[in-house]
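Summary of the model geometry
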Amino acid sequence: MSRRGGGGRRPDSCSDQPAQAPAPSFQRGGGEAAGPPGRGHQGQRGGTGGGSHSGSGAAPSSSHAASTSTAQAPSSPSVSASAPSSSSVSTLVDETEQKLTLAAPAAATLPPSSSQAMRLPVRPGLGTVGRKCVVRANHFMVQLAERDIHHYDVSITPEVTSKKINRQIISQLINLYRLTHLGERMPAYDGMKSIYTAGPLPFESKEFIITLPDSDPRPSSSTRPRRERQFRVVIRLASKPDLYTLQQFLLRRHFEAPYEVIQVLDVVLRAAPSEKHTVVGRSFFSTDLGPMGQLGDGVEYWRGYFQSLRPTQMGLSLNIDVSACSFYEPILVTEFVQKYCRDLSHPLSDEVRLKVEEALKGIKVVLTHVEYNRSYKITGISSQPMSQLMFIDDNGTRMSVIQYFLEKSNIALQFTSLPAVLAGSEARPIYLPMELSRIVAGQRYTKRFNERQVTALLRATCQRPREREENIRMMTRANAYNDDTLVNREFGIQVADVLTLVDARILPAPMLKYHESGREASVNPGFGQWNMINKKMFNGGRVEVWTCVNFSTDLDPDVPFQFCQGLVDVCNSKGMVFNPRPVIPISSSNPNQIEKALVDVHNRTTQQGKQLQLLIIILPDDKGSYGRIKRVCETELGIVSQCCQPKQASKLSMQYFENVALKINVKVGGRNTVLVDAVQKRIPLVTDRPTIIFGADVTHPQRGEDSSPSIAAVVASMDWPEVTKYRGLVSAQARHEEIIQDLYKSIQDPQRGLVHGGMIRELLIAFNRSTNRKPESIIFYRDGVSEGQFSQVLLHEMNAIRLACASLEEGYAPPVTFVVVQKRHHTRLFPADHNRRDLTDRSGNILPVPPAYYAHLAAFRARYYIEDETSAGGSTGGSRSTADRNLAIRPLPVIKDNVKDVMFYC
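Residues numbered from 1 in each chain as written. Predicted model: local features only at pLDDT ≥ 70, side-chain atom pairs only at ≥ 80, totals over all residues. Heavy atoms only, no water.

Per an unreviewed UniProt entry, the chain goes by Protein argonaute 5 and derives from Citrus sinensis.

1. A look at the overall build of the chain
Which entries qualify depends on this criterion: Counting from the N terminus, the helices are DSSP H or I runs at least four residues long and the strands are E runs at least two residues long. Think of it in three bands: residues with accessible area under 20% of the maximum for their type are buried, residues over 50% are exposed, and the middle band is partly exposed, with areas taken using a 1.4 Å probe on protein chains only. Residues are treated as being in contact if the distance between any of their heavy atoms lies within 4.5 Å.
For the chain, the count of helices and strands is 21 helices and 43 strands. A total of 906 residues make up the chain; the buried ones form 48% of that total. Within the chain, contacts between residues at least 6 apart in sequence are counted, and of these 74% link residues at least 24 apart.

2. Topic: the sheet that holds strand β34 (residues 641–644)
Sheet strands associate in pairs through backbone hydrogen bonding, adopting either a parallel or an antiparallel arrangement. Convention followed: Strand pairing is assigned whenever DSSP detects at least two bridges linking the two strands. To get an axis, a line is fitted to the C-alpha atoms, and for a helix only the part in contact is used. The angle between two axes follows their N-to-C directions and goes from 0 to 180 degrees.
With respect to topology, four strands assemble into an open sheet ordered β32-β30-β33-β34, the strand pairing being parallel. Among the strands making up the open sheet, the edge pair consists of β32 (587–588) and β34. Sheet topology note: the strand β30 (residues 546–550)/β32 ladder contains two bridges and is parallel. Across the sheet, residue Asn-550 finds its bridge partner in β32, namely Ser-588. Seen against the sheet, helix α15 (residues 654–667) touches β33 (614–618) and β34 and runs at an angle of roughly 160° to β34.

3. Describing unusual backbone geometry
The linkage connecting Thr-157 with the following residue, Pro-158, adopts the cis geometry, with an omega of -5°. As for its placement among the helices and strands, Pro-158 is situated in the loop between β7 (150–157) and α2 (163–177). Cis geometry marks the peptide bond from Trp-720 to Pro-721, where omega comes out at 10°. With respect to the helices and strands, Pro-721 occurs in the loop between β37 (710–717) and β38 (726–733). Positioned with a positive phi, Leu-685 is a non-glycine residue whose angle comes to about 65°. Among the secondary structure elements, Leu-685 is positioned in the loop between α16 (676–679) and β36 (691–699). The buried category is assigned to Leu-685, whose relative accessible area is 4%. Even without being glycine, His-736 reaches a positive phi, approximately 65°. Inspection of the secondary structure puts His-736 in the loop between β38 and β39 (745–749).

4. Some words on the environment of Gln-748
Along the chain, Gln-748 turns up in strand β39. Its relative accessible area of 57% is what places Gln-748 among the exposed residues. Beyond its immediate stretch of four places on either side in the chain, Gln-748 contacts Gly-753 and Leu-754.

5. Overview of the packing of aromatic side chains
The following threshold applies: Pairing of aromatic rings covers Phe, Tyr and Trp, the last through its six-membered ring, and needs centres within 6.5 Å; plane angles under 30 degrees mean stacked, over 60 mean edge-to-face, and all others mean tilted.
Under the defined criterion, the tally for this structure stands at 17 aromatic pairs. Between Tyr-328 and Tyr-445, the ring centres sit 5.2 Å apart and the planes meet at 75°, which makes this aromatic pair edge-to-face. Taken together, the positions of Tyr-328 in strand β16 (residues 315–328) and Tyr-445 in the loop between β24 (437–439) and α8 (451–461) put the pair 117 residues apart, joining distant regions of the chain. Assessed through its relative accessible area of 10%, Tyr-445 is described here as buried. Among the aromatic side chains, those forming a connected cluster through ring pairs are Tyr-328, Phe-336, Tyr-340, Tyr-445 and Phe-449.

6. What about the environment of Pro-591?
Looking at the secondary structure, you find Pro-591 in the loop between β32 and α12 (594–606). Between the alpha carbons of Pro-591 and Thr-553 there is a distance of 8.0 Å; along the sequence they are 38 residues apart. Not counting residues up to four positions away in its chain, the partners in contact with Pro-591 are Phe-551, Thr-553 and Pro-620.

7. Here's the deal with the pattern of salt bridges
Condition: Salt bridges are defined by distance alone: a side-chain nitrogen of Lys or Arg within 4 Å of a carboxyl oxygen of Asp or Glu.
Within the structure shown, the criterion is met by 25 salt bridges. Between Lys-513 and Glu-516 there is a salt bridge, and its shortest N-O distance comes to 2.1 Å. Residue Lys-513 is classed as buried on the basis of its relative accessible area, which comes to 19%. Of the residues examined, Glu-516 reaches a relative accessible area of 54% and is grouped as exposed. Where Arg-671 meets Glu-722, a salt bridge forms, and the shortest distance between an N and an O atom there is 3.7 Å. Linking Arg-671 in the loop between α15 and β35 (674–675) with Glu-722 in the loop between β37 and β38, this pair joins segments that are 51 residues apart in sequence. Its relative accessible area of 14% is what places Arg-671 among the buried residues. Salt bridges sharing common partners tie together Arg-136, Glu-469, Glu-470, Arg-473 and Arg-477.

8. Some words on the sheet that holds strand β9 (residues 194–197)
On the basis of which strands lie adjacent, the open sheet formed by five strands has the order β8-β9-β7-β11-β10 and antiparallel pairing. Strand pairing shows two members of the sheet lacking a second neighbour, β8 (188–189) and β10 (205–213), which therefore form its edges. Here four bridges tie β7 to β9, and the two strands are oriented antiparallel to one another. Along β9, the bridge assignment pairs His-151 with Tyr-196. The strands touched by α2 are β7, β8, β10 and β11 (228–239); relative to β10, the strand with the most contacts, the crossing angle is about 110°.

9. Examining the state of the cysteines
Quick reminder of the rule: Two cysteine sulfur atoms make up a disulfide if the distance between them is within 2.5 Å.
Within this structure, the stated rule accounts for zero disulfides. Among the cysteines around Cys-548, which has no disulfide bond, Cys-564 carries the closest sulfur, lying 3.5 Å off.

10. Quick notes on the packing of α12 against helix α13 (residues 626–637)
Formally: For any pair of crossing helices, the crossing counts as left-handed if the nearer helix is rotated counterclockwise from the farther one by less than a right angle, and right-handed if it is rotated clockwise. Lys, Arg, Asp and Glu make up the charged group, whereas Ala, Val, Leu, Ile, Met, Phe, Trp, Tyr, Cys and Pro make up the nonpolar group; the residues left over, Gly among them, are polar.
Axis separation between α12 and α13 bottoms out at 10 Å; the angle between their running directions is 35°. Crossing angle aside, the handedness with which α12 passes α13 is right-handed. Contact residues: Ile-594, Glu-595, Leu-598, Val-599 and His-602 in α12; Arg-628, Ile-629, Arg-631, Val-632, Cys-633 and Leu-637 in α13. For the contact of α12 with α13, the class distribution of residues is seven nonpolar, one polar and three charged.

11. A closer look at helix α11 (residues 559–573)
What counts, and what does not: An expected span of 1.5 Å times one less than the residue number is assigned to each helix.
Spanning 15 residues, α11 covers 21 Å between terminal C-alpha atoms, matching the ideal 21 Å at 1.5 Å per step. Residues of α11 that are buried include every one of Val-559, Pro-560, Phe-563, Cys-564, Gly-566, Leu-567, Val-568, Val-570 and Cys-571, and no others. Close packing links the buried residues of α11 with β30, β31 (577–578), β33, β34, α14 (646–649) and α15. Downstream of α11 by a residue or two, Gly-575 has a phi angle that is positive, lying close to 115°.

12. Considerations on the side chain of Asp-783
Tracing the chain through its elements places Asp-783 in strand β41 (residues 777–783). Setting aside anything within four residues of it in sequence, one finds Asp-783 in contact with Ala-696, Asp-697, Glu-738, Val-821, Lys-823 and Arg-824.

13. Focus on the pairing of β33
Among the five residues in β33, five count as buried, and that is most of the element. The alternating pattern of β33 places Leu-614, Ile-616 and Ile-618 and Leu-615 and Ile-617 on opposite faces, both of which are buried. Where β30 and β33 come together, five bridges link them in parallel fashion. Across the sheet, Thr-547 pairs through a bridge with Leu-615, a residue of β33. Pairing geometry for β33 and β34, over four bridges, is parallel. Within the sheet, the bridge partner assigned to Leu-615 lies in β34 and is Ser-641.

As structure tokens, this is what we get:
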């Protein structure tokens with residue numbers, strides 16, 4: 001990780017001073033002028049940033065674990081005590097953009113960069129710490145021959161939205177004209193608007209008329225001639241992607257990744273499987289790619305594989321991983337309904353009918369009593385049973401649906417108490433009997449899983465590393481890329497058939513410090529895990545005012561008292577100071593009146609003139625109340641709570657008591673453990689100067705939650721040098737918006753003028769209050785950013801960080817290290833030698849280098865605040881328009897200040 005110094009001033013009051021020196025604070029309007037500027041950070045410091053790791057593990061020394069960028073601070077204006085004006089903020093924006101859009105340095109040894117690209121820091125070198133080892137990665141190296149790539153735009157009229165139909169059209173065109181008008185070229189088609197060739201076509205623009213036979217297979221007759229569909233296809237030269245730019249990029253002679261060239265090769269490699277399998281994103285699924293299984297409620301899973309062409313430090317590679325995806329079972333709709341209601345001889349209740357309608361909306365069905373395969377998209381189900389449904393036919397005759405099928409198709413419907421499936425439009429509905437409607441195979445299930453489905457999918461797809469590695473090998477061999485005429489002969493692509501060997505290192509685990517009064521005051525974690533046996537918390541928190549409420553009806557009446565007594569005893573034995581007597585008696589309450597019970601506990605405590613520090617909650621036996629409890633406690637009542645499962649509470653297990661005690665300690669302001677290197681100030685660039693560490697993440701709505709916003713969360717360390725306490729803030733933003741919008745914001749107030757705000761500013765102020773220091777360095781860890789968004793996210797969010805700093809004090813611009821952490825990837829590592837036990841855990845997995853994920857936890861906690869209001873347990877699962885996604889976002893409930901002060905989200 002490279003790091004540049006900040007160009008801003010470094011006041012004497014911010015340098016390491018004896019304890020009696022006055023604590024620095026952010027100087028705002030009306031205050032005294034700050035002292036004279038000290039020396040700025042000089043030059044470029046080497047090193048790897050943190051210098052310490054949160055767990056031992058095998059770190060590949062030839063692939064990126066994170067992408068990093070360090071932005072130089074803007075030049076300091078003259079030191080002033082006032083907050084920046086709008087003009088100085090505007091100037092700062094320009095300076096920041098100039099400095100973030102890094103031009104090529106003057107040194108002739110470095111390669112040029114595109115004028116539009118942001119050059120990320122070059123990796124300074126390979127790792128030297130830890131034991132060397134070799135691992136296998138599920139990347140298959142790719143070799144390219146020289147080809148003259150051409151990109152052509154494709155226009156199909158009338159427009160077709162189905163990629164499957166598009167592929168049929170282009171496939172027919174190639175079959176008809178490859179040897180003539182296409183000059184014997186075999187194009188690769190992406191299913192939408194582009195085809196690619198490994199050489200020029202004999203034209204720059206040409207029009208074709210392509211005819212496809214009707215999908216209705218019924219034989220034609222004199223009264224019903226066979227219909228054919230005609231399409232006008234225009235192929236026009238668009239560009240000439242250059243393989244040379246990719247070669248230069250892989251040789252590190254060009255900084256900007258040539259994504260257009262990579263996309264061409266990716267389309268070529270995906271062409272054959274796209275014809276054979278069901279495509280979902282970058283993955284392919286089929287009933288032929290492995291055993292299927294049921295997930296319940298009319299849903300099944302298919303096996304498949306993920307495939308993506310990736311530029312790596314070792315060259316171009318094809319990343320392949322096994323995968324699974326959920327689909328609707330191709331069953332009769334009556335069989336689907338039976339998953340919700342076993343008795344089909346009686347009309348559905350309103351509750352069941354609504355559930356069934358929600359589950360069926362958007363699914364395609366075909367009729368089983370006809371020969372042709374026309375599909376219908378379900379728009380709903382009728383409110384009346386089939387026995388009561390009437391309609392007017394084309395002759396103006398009023399007749400029942402039951403009579404229609406009896407007269408037209410000689411079918412006597414059996415399940416006449418069931419509603420009809422609705423298709424067509426609201427003005428001209430089409431009634432389809434459930435017993436004659438079969439769900440079309442291969443339709444992806446996009447709605448939210450219930451708990452049973454999640455468990456079933458995990459159980460079915462969980463694989464040991466050795467088994468997963470072998471399945472990846474088998475999938476790659478079955479694809480036979482080098483035998484594919486388009487891939488190998490036409491485009492000159494060769495794919496290795498073995499997993500890539502990667503040099504790696506087993507990093508030493510950091511020493512953890514516990515309280516000196518324990519029998520083990522420090523520990524060296526093994527295999528990324530350790531326990532609390534013979535240890536005491538480094539800083540035990542204090543709990544004076546607490547109580548417990550039990551919402552479980554299955555527990556023995558004495559269990560809540562026994563559980564609390566055991567938990568308090570363990571908390572005290574591990575170093576906390578925990579009052580054994582609750583402020584009000586432990587109670588049991590009706591699980592159907594959760595909010596009333598919580599308010600009652602809060603009121604009874606405040607009537608005694610006390611603030612409840614901790615509320616222990618034994619959850620109801622039924623699922624689904626956790627989010628409501630957290631919302632009420634944290635945003636309405638200002639209560640820090642610890643929820644416990646009744647099944648676990650009833651066991652009175654010592655291990656469970658210890659786990660809960662660790663959670664409680666951080667929620668009341670304690671520290672469970674700290675790094676020895678942090679206490680002794682031996683972490684470079686972190687403990688040698690006051691440093692604040694941020695973590696940021698954006699979580700998006702789960703499948704099926706169409707009305708939920710995306711939620712951004714930012715956490716920041718509130719102690720130094722220990723960096724173990726993190727304060728968290730959350731904010732709602734537009735659905736699927738990846739850039740965090742509320743890092744910095746300002747409004748023009750008629751009375752107060754320019755008013756600054758935002759999550760970064762609030763957290764910087766909180767750090768200053770907590771440590772009596774201003775951060776002299778910022779490390780910003782950003783999760784969940786794809787490579788295509790690097791530049792956009794970095795420019796916007798780095799600019800927001802700079803503006804937040806400048807809004808606190810004129811010229812305040814500490815150096816920032818911006819680290820993008822990617823964990824949602826498909827790279828899998830396997831030991832080169834499965835018999836080496838020092839490389840793997842008990843399951844055979846490579847040892848973990850686990851990332852901090854407090855921001856992730858905070859974002860998911862905030863989603864609980866809105867879950868009750870935006871999700872009724874189901875959804876249409878349909879696509880939404882851009883206008884829908886950009887609707888006004890309702891703000892999240894505000895977390896009470898006393899809750900924000902602690903790690904409530906743990």
